[in-house]
Protein chains: 2
Amino acid sequence: MSSDRLIYLPLGGAGEIGMNAYVYGYGPKGKERLILVDIGVTFADMETSPGVDLIFPDMSWLIANKDRLEAIFITHGHEDHIGAVGHFWDRLGVPVYARAFTANLARHKMRDQGQPDQEVVTVSAWPETTKAGPFTVGFLPISHSIPESGALVIDTPAGRIIHTGDFKLDETPIVGEAFDPALWAAVSKDGVKALVCDSTNVFSRAEGRSEATVGPEIEKLILAAPQMVAATTFASNVARVKTLAEAGERAGRSICLMGRAMRRMVEAALETGVLTSFPKVVSPEEARSIPRENLMLLVTGSQGERRAATAQLARGKHNGITLKDGDTFLFSSKTIPGNEKGVIRIVNQLSEIGVDVVDDSAGHYHVSGHANRPDLERMQDIVNPQMVIPMHGEHRHLREHAKLSESKGRASVVAVNGTMLELTGNAPKVTEFVETGRTYLDGSVKIGAMDGVVRDRIRMALNGHVIVNVILDEDDEPLGEAWVELMGLPEVGSSHAPLSDVLEEDLTQFLGRAGAKTLADDDKLEENLRRIARNSAKTEIGKKPEVSVIVSRLS
Amino acid sequence: MSSDRLIYLPLGGAGEIGMNAYVYGYGPKGKERLILVDIGVTFADMETSPGVDLIFPDMSWLIANKDRLEAIFITHGHEDHIGAVGHFWDRLGVPVYARAFTANLARHKMRDQGQPDQEVVTVSAWPETTKAGPFTVGFLPISHSIPESGALVIDTPAGRIIHTGDFKLDETPIVGEAFDPALWAAVSKDGVKALVCDSTNVFSRAEGRSEATVGPEIEKLILAAPQMVAATTFASNVARVKTLAEAGERAGRSICLMGRAMRRMVEAALETGVLTSFPKVVSPEEARSIPRENLMLLVTGSQGERRAATAQLARGKHNGITLKDGDTFLFSSKTIPGNEKGVIRIVNQLSEIGVDVVDDSAGHYHVSGHANRPDLERMQDIVNPQMVIPMHGEHRHLREHAKLSESKGRASVVAVNGTMLELTGNAPKVTEFVETGRTYLDGSVKIGAMDGVVRDRIRMALNGHVIVNVILDEDDEPLGEAWVELMGLPEVGSSHAPLSDVLEEDLTQFLGRAGAKTLADDDKLEENLRRIARNSAKTEIGKKPEVSVIVSRLS
């Protein structure tokens, strides 16, 4: 009995911002009963994962131990916390617990992937709790940039853990429960073993600002706008969407929601009672007959996504509506690192149309959803945990957060994905490393990030691709000349002859002088043809392409 | 005679930040004598130009009109102004004029590309001038983030133009000439027809800060650092490099320059007298035997470039020197949009080593090299030009700058690349559009951005590449089965059989049922095989790959 232990194992989200997945376990070593907190995705990019549709944490460890898994708890509905639920549920097969708004979104995600949506269980906020093996878990309301974010109060035989999820300390959040310091103090008063805590904004030294501060500024902006106003933000930021819509309404404008996610989120918020009211909206068809100065669009695509409504408006038209010279476009958002170029492209397209673009560079029209450094300190002061485990951050965030915690006299540790911690003692102890990584959704197939598929794509993108085709007869004699196909390569190089001609000549010459032993040996032949093609290309065009060799034998 | 006109034509740099190239012409329409101001590059990225080594403006128009070209003037030594000089000089064949430091760099660039470096002519600052056809051109000193930036005073029969180049209004620039408002007023007092002006920081509403403000902060930081200090900045920012080195020296540290560009720039600055002194530097070999707390590294790679010294140190080692727990790394720089992820990757690698990373997020350790909005206004007040032509900016910058100028009662216009303006009258007049674009240096070959080469690479990166190989005998009958090679695609799809087997079976089945007419027709056969491969893959893996078809006929 005394050999039971409490463990923490991040499979995603620790050492990166994205694809959150945290495992807790309690029991004898190697036989701990487990729960999973969050099951999110991260987004692909051209630089590291071209062609990939979504990125998941590698769930192999959990799948291998699924007989020990009791339940999945989802803190909130952001994609990096909920996005993988439909993609992995069939491999895990346990109930999914979430609050109403999050559960609404989770059920859609289950249905999208053909999974049984009744496996998603709606739970109420603290003091309601759910038993899951040795764990008792409650959702403690906390403010964030999406409704109904819940910190988890995880009671274990070894003590109470508070897993914050994503949070900020907002006492006037517009939508959803305000941060309630008295409630948090009450929950913490009998002692908290570990605070497992959001690290995103640990480098932001000012106190966080409330969602309530942006409304008045937005209203001033809309009132001053001479023509149509369009505004974008994350659709899941229902408070912001409401603020924008109400500001538009007060300025005498009809509100039109554009983009599927925008309509979906408002719908989910109304269905679940997170929103009790929302300004009347008009359809894009109705909007077309409303004078521009009386219209306000709320559109998806604040991160520059090419297929979202914002990008379409910037390129010309979306749902029959066009922007014009004199219109105003508001980015009520922050650009996530990596998305800068996409957002800037859109801003310039809007500029070409003559649209005045307003963003948050002056700090008026957006506030962060994460706790800044002073707020993290306040959280520690309220909860007064024995130890702090930084999560939801890149290495630099985790390290800074651990240093901050230690400076306040609390045990802490940097535990990146795959680091299993034992929390049973007075300080977190690294006990094991589990292999973790990324799984790519590529079309409809899941592939490992290290499988080489994406590496080959990147190589073709950087170097181009040459296909060498050689046919040998029954006596292993070349039948005709070598033939090459080029893809992604210049047609002509330094000799001013077509590159394919130059390569074919060099390859055919080689075939002419190659010995019978080489011609009979597929591996040797391929290796030689590849080398010649690469070197010949290097001389002609200054780079060595990827080469595929196809040897056909008529035997 | 009265039909002579003065024209301005940006071939690069207007509607983007990068690859600057501006043409001025004077004379009868279509026979204007020309000069080129700057001939820069821009950098490729994985998203739009994978595998490309450098990006140049499309110089076709100028090459077609090179008999009318008199000279090239280079305002300063940044790559986006000087980087293409060696790559295009042989197609243009006119003298290149620059001040000493810029000329030193330009000669290196000419030699690197096998061009005659004596074609680069060193000129002195204003009041010295150079005749070039109908133009008389002088280099008016202006402060920027590289030594000896020169605005050009371009006298024409139609009046005086001031082309600012890149600039800020710095009266204490540490290295090089201070901005001298009296000199600028004197040059402008008899009237300036057009101010062609840097637009980069038109959205920055605070006054620009002097280079002199960063030194004291940097010195404080270095004095407080317990172990080794490494700092990175653009190597060409010689003033910053000097400030960093002197701060290190005053803190009792030996200075070690790491990275070729860092050594090259200090060398060029000393050779040309831009620097008259620089702290004694030690070699990396010597540095290894110096106690860490007495050492300071100045390293290249502030933008996260994978092969630069900073990235190598973050990955482990450069020139035998390693960073350790407790060292300090300073980014005395701003991250250029698009480079965020690369820089963040390095910061996290440094964090893993235990290095404390300091950047400019608090605004202490870097100042911009470009004039902010109030400085642009001050420049207009001093020069009092008849018209303002915004350049060196994306569309949004040019538009805002034109609006600013018009609000001050000056004629202005947004003229992006390819827009030929006539400046002869009282206001700029759009007179013609010239086809412009980008030329890629790919390995050793120049290719047009629209040639399709890079498009094919991007497609292979997004979709993977299937090669279909079919052999037909003398009677156009398939010889054996179809054969496929896959590159950048998952091995197994929904049917759990190897993807190549599935494709080969579908293709072979098609060959079996194909009519003689189809089999005899290369185009028809290819089209069918491609369609089947794509559809078959779509069913198996949920995406349609790029397909190359090779049909070999034994005839």
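Residue positions are given per chain, counted from 1 along the sequence in the order it is written. Numbering of ligands from 1 and lettering of chains from A proceed in the order in which they are written. Under the rules for a predicted model, residues below a pLDDT of 70 receive no local features and side-chain atom pairs below 80 are neither given nor counted, while totals for whole chains, interfaces and linings still include all residues. The basis for every side-chain value is the complete set of heavy atoms in the structure, and neither hydrogens nor water enter the calculation.

(A) Looking closely at the overall build of chain A. The secondary structure listing takes helices from DSSP runs of H or I that are at least 4 residues long and strands from runs of E that are at least 2 residues long, numbered from the N terminus. On a plain count of helices and strands, chain A comes out with 17 helices and 28 strands. Judged by the C-alpha coordinates and their principal axes, chain A covers about 85 × 75 × 45 Å. Remark: exposure states derive from per-residue accessible area (1.4 Å probe, protein chains only) relative to the maximum for the residue type, with buried under 20%, exposed over 50%, and partly exposed in between. The buried share of chain A, reckoned over its 555 residues, is 60%. For chain A, long-range pairs separated by at least 24 residues make up 70% of all intrachain contacts whose partners lie at least 6 apart in sequence. Using the Shrake-Rupley algorithm and a 1.4 Å probe, accessible areas are obtained, with residue cover drawn only from the displayed protein chains. Counting every atom, chain A has about 21,100 Å² of accessible surface; 48% of that belongs to carbon and sulfur. Once the 60 positive and 76 negative side-chain charges of chain A are each reduced to a mean point, those two points are 4 Å apart. Only heavy atoms matter for contacts: two residues are in contact if any of them lie within 4.5 Å across the pair. In this tally Asp and Glu are treated as negative and Lys and Arg as positive; neither His nor the chain ends contributes. Charged groups are reduced to one reference atom each: NZ for lysine, CZ for arginine, CG for aspartic acid, CD for glutamic acid.

(B) View of the pattern of salt bridges. Salt-bridge detection follows one rule: a side-chain nitrogen of Lys or Arg within 4 Å of a carboxyl oxygen of Asp or Glu. Tallied over the entire structure, the rule returns 62 salt bridges over all chains. Linking A:Arg5 and A:Glu32 is a salt bridge whose minimum nitrogen-to-oxygen distance equals 2.6 Å. Separated by 27 residues along the polypeptide, A:Arg5 in strand E1 (residues 5–12) and A:Glu32 in the loop between strand E3 (21–27) and strand E4 (33–37) bring together distant segments of the chain. Of the charged contacts in the structure, one is a salt bridge between B:Lys408 and B:Glu377, with a shortest N-O distance of 3.7 Å. Of this pair, B:Lys408 sits in the loop between helix H13 (395–407) and strand E22 (411–412) while B:Glu377 is found in helix H12 (residues 373–383), placing the two residues 31 residues apart along the sequence. Note on B:Lys408: relative accessible area 27%, which makes it partly exposed.

(C) Spotlight on the relation of the copies chain B and chain A. In this comparison the copies share one frame, found by least squares on the C-alpha atoms of residues holding pLDDT of at least 70 in both. The transformation that overlays chain B on chain A combines an axial shift of 0.0 Å with a rotation of 180 degrees, and the residual RMSD is 0.0 Å. The transformation relating the two chain copies, once decomposed into turn and shift, fits a two-fold axis. Among all residues of chain B, the one whose C-alpha sits closest to the rotation axis is B:Ala461, at a distance of 2.7 Å.

(D) Fine view of the packing of helix H15 (residues 499–513) of chain A against helix H17 (residues 522–541) of chain A. All names here are of chain A. Orientation is described by axes fitted as lines to C-alpha atoms, over the contacting stretch for helices, and by angles from 0 to 180 degrees between their N-to-C directions. Running from N to C, H15 and H17 cross one another at 140 degrees; their axes reach a closest spacing of 9 Å. Accordingly, the angle class assigned to the pair H15 and H17 is oblique. As for the relative orientation of H15 and H17, their crossing is right-handed in sense. Along the contact surface, H15 presents Leu499, Val502, Leu503, Asp506, Leu507, Phe510 and Leu511, while H17 presents Leu525, Asn528, Leu529, Ile532, Ala533, Ser536, Ala537, Glu540 and Ile541. In these notes the angle categories are as follows: under 35 degrees is roughly parallel, over 145 is roughly antiparallel, 65 to 115 is roughly perpendicular, and the rest is oblique. By definition, any crossing whose near helix is turned counterclockwise from its far helix by less than a right angle is left-handed, and any crossing with a clockwise turn is right-handed.

(E) Representation of the sheet that holds strand E28 (residues 546–553) of chain A. Residue and element names in this part refer to chain A. One requirement defines pairing of two strands: DSSP has to find at least two bridges between them. Spatial ordering of the open sheet is given by E27-E26-E28, a layout of three strands whose pairing is mixed. Of all the strands in the sheet, the pair left with one neighbour each is strand E27 (483–487) and E28. For this sheet the average axis-to-axis angle between neighbouring strands, irrespective of direction, equals 15 degrees. In this structure, strand E26 (residues 465–472) lies alongside E28, joined through eight bridges in parallel fashion. Note on E28: the bridge partner recorded for Leu472 is Arg553.

(F) Quick peek at the packing of helix H4 (residues 100–112) of chain A against helix H8 (residues 260–271) of chain A. Residues and elements named next belong to chain A. For the pair H4 and H8, the least separation of the axes is 9 Å and the interaxial angle reads 130 degrees. As far as their axial angle goes, H8 and H4 are oblique. You can see that H4 and H8 cross each other, and the crossing is right-handed. Each of Phe101, Asn104, Leu105 and His108 in H4 lies in contact with H8, whose residues at this interface are Arg264, Met265, Ala268, Ala269 and Glu271. Note that Gly is not counted as nonpolar here; it falls among the polar residues with everything else outside the nonpolar set of Ala, Val, Leu, Ile, Met, Phe, Trp, Tyr, Cys and Pro and the charged set of Asp, Glu, Lys and Arg. Partitioned by chemical class, the residues of the contact of H4 with H8 number five nonpolar, two polar and two charged.

(G) Molecular detail of the interface of chain B and chain A. The interface of chain B with chain A comprises 61 residues on the first partner and 60 residues on the second. Summed over both partners, the accessible surface that disappears when two parts come together, traced with a 1.4 Å probe, is what is meant by buried area. Both sides of the chain B and chain A interface together cover about 5,200 Å² of buried area, and 60% of this is carbon and sulfur. If you sort the residues of chain B by the area they bury against chain A, B:Met46, B:Arg399 and B:Met487 come out on top, with a joint share of 12%. Summed over the shared surface of chain B and chain A, the number is eight salt bridges. N or O atoms closer than or at 3.5 Å make up a polar contact, with two conditions inside protein: a donor-capable atom paired with an acceptor-capable one, and, for residues adjacent in sequence, both atoms drawn from side chains. Here chain B is connected to chain A by 33 residue pairs in polar contact (both at pLDDT 80 or more). Taken together, the elements giving at least two residues each to the side of chain B that touches chain A come down to helix H11 (340–353), H13, strand E26 (445–448), helix H14 (453–463), strand E27 (465–472), strand E28 (483–487), helix H17 (522–541) and strand E29 (546–553) of chain B. Considering each element in turn, the side of chain B that touches chain A owes the most residues, eight residues, to H11(B).

(H) Expanded view of H11(B). Taking 1.5 Å of rise per residue, the 14 residues of H11(B) would be expected to cover 20 Å, and the 20 Å separating its terminal C-alpha atoms lies within 8% of that figure. Buried residues of H11(B): B:Glu340, B:Gly342, B:Val343, B:Ile344, B:Ile346, B:Val347, B:Asn348, B:Leu350 and B:Ser351, and no others. Along its buried surface, H11(B) packs onto helix H11 (340–353), strand E20 (393–394) and helix H13 (395–407) of chain A together with helix H10 (309–315), strand E18 (328–331) and strand E19 (356–358) of chain B. Among the residues trailing H11(B), B:Gly354 stands out with phi positive, at a value near 100 degrees. How far a helix is expected to stretch is found by multiplying one less than its residue total by 1.5 Å.

(I) Representation of the sheet that holds strand E15 (residues 254–258) of chain A in the model. Residue and element names in this part refer to chain A. If you walk across this open sheet you meet the five strands as E15-E16-E14-E17-E18, and the pairing is parallel. With partners counted over all chains shown, the strands left at the sheet margins are E15 and strand E18 (356–358), one partner each. Sheet twist, expressed as the average angle between the axes of neighbouring strands with direction ignored, equals 20 degrees. Contacts between H11 and the sheet are confined to strand E17 (328–331) and E18, with E17 contributing the most and set at about 165 degrees to the helix.

(J) Structural detail: H14(B). Within H14(B), the full set of buried residues consists of B:Val453, B:Val454, B:Asp456, B:Arg457, B:Ile458, B:Met460 and B:Ala461. Phi turns positive one or two residues past the end of H14(B), at B:Gly464, with a value near 75 degrees.

(K) Structural detail: the side chain of A:Ser49. All names here are of chain A. Tracing the backbone through its elements, the reader meets Ser49 in the loop between E4 and strand E5 (54–57). A relative accessible area of 1% places Ser49 in the buried class. In this structure the side chain of Ser49 is engaged in a polar contact, spanning 3.5 Å, whose partner is the side chain of Thr48. Not counting residues within four places of it along the chain, the set of residues in contact with Ser49 comprises Ala44, Ile55, Tyr440 and Val454.

(L) The side chain of A:Thr328, seen in detail. Residues and elements named next belong to chain A. If you trace the backbone, Thr328 turns up in strand E17. The class for Thr328 is buried, based on a relative accessible area of 8%. Ignoring any residue separated from it by four or fewer positions in sequence, one finds Thr328 in contact with Ala225, Pro226, Met228, Val229, Ala230, Val355, Asp356 and Val358.

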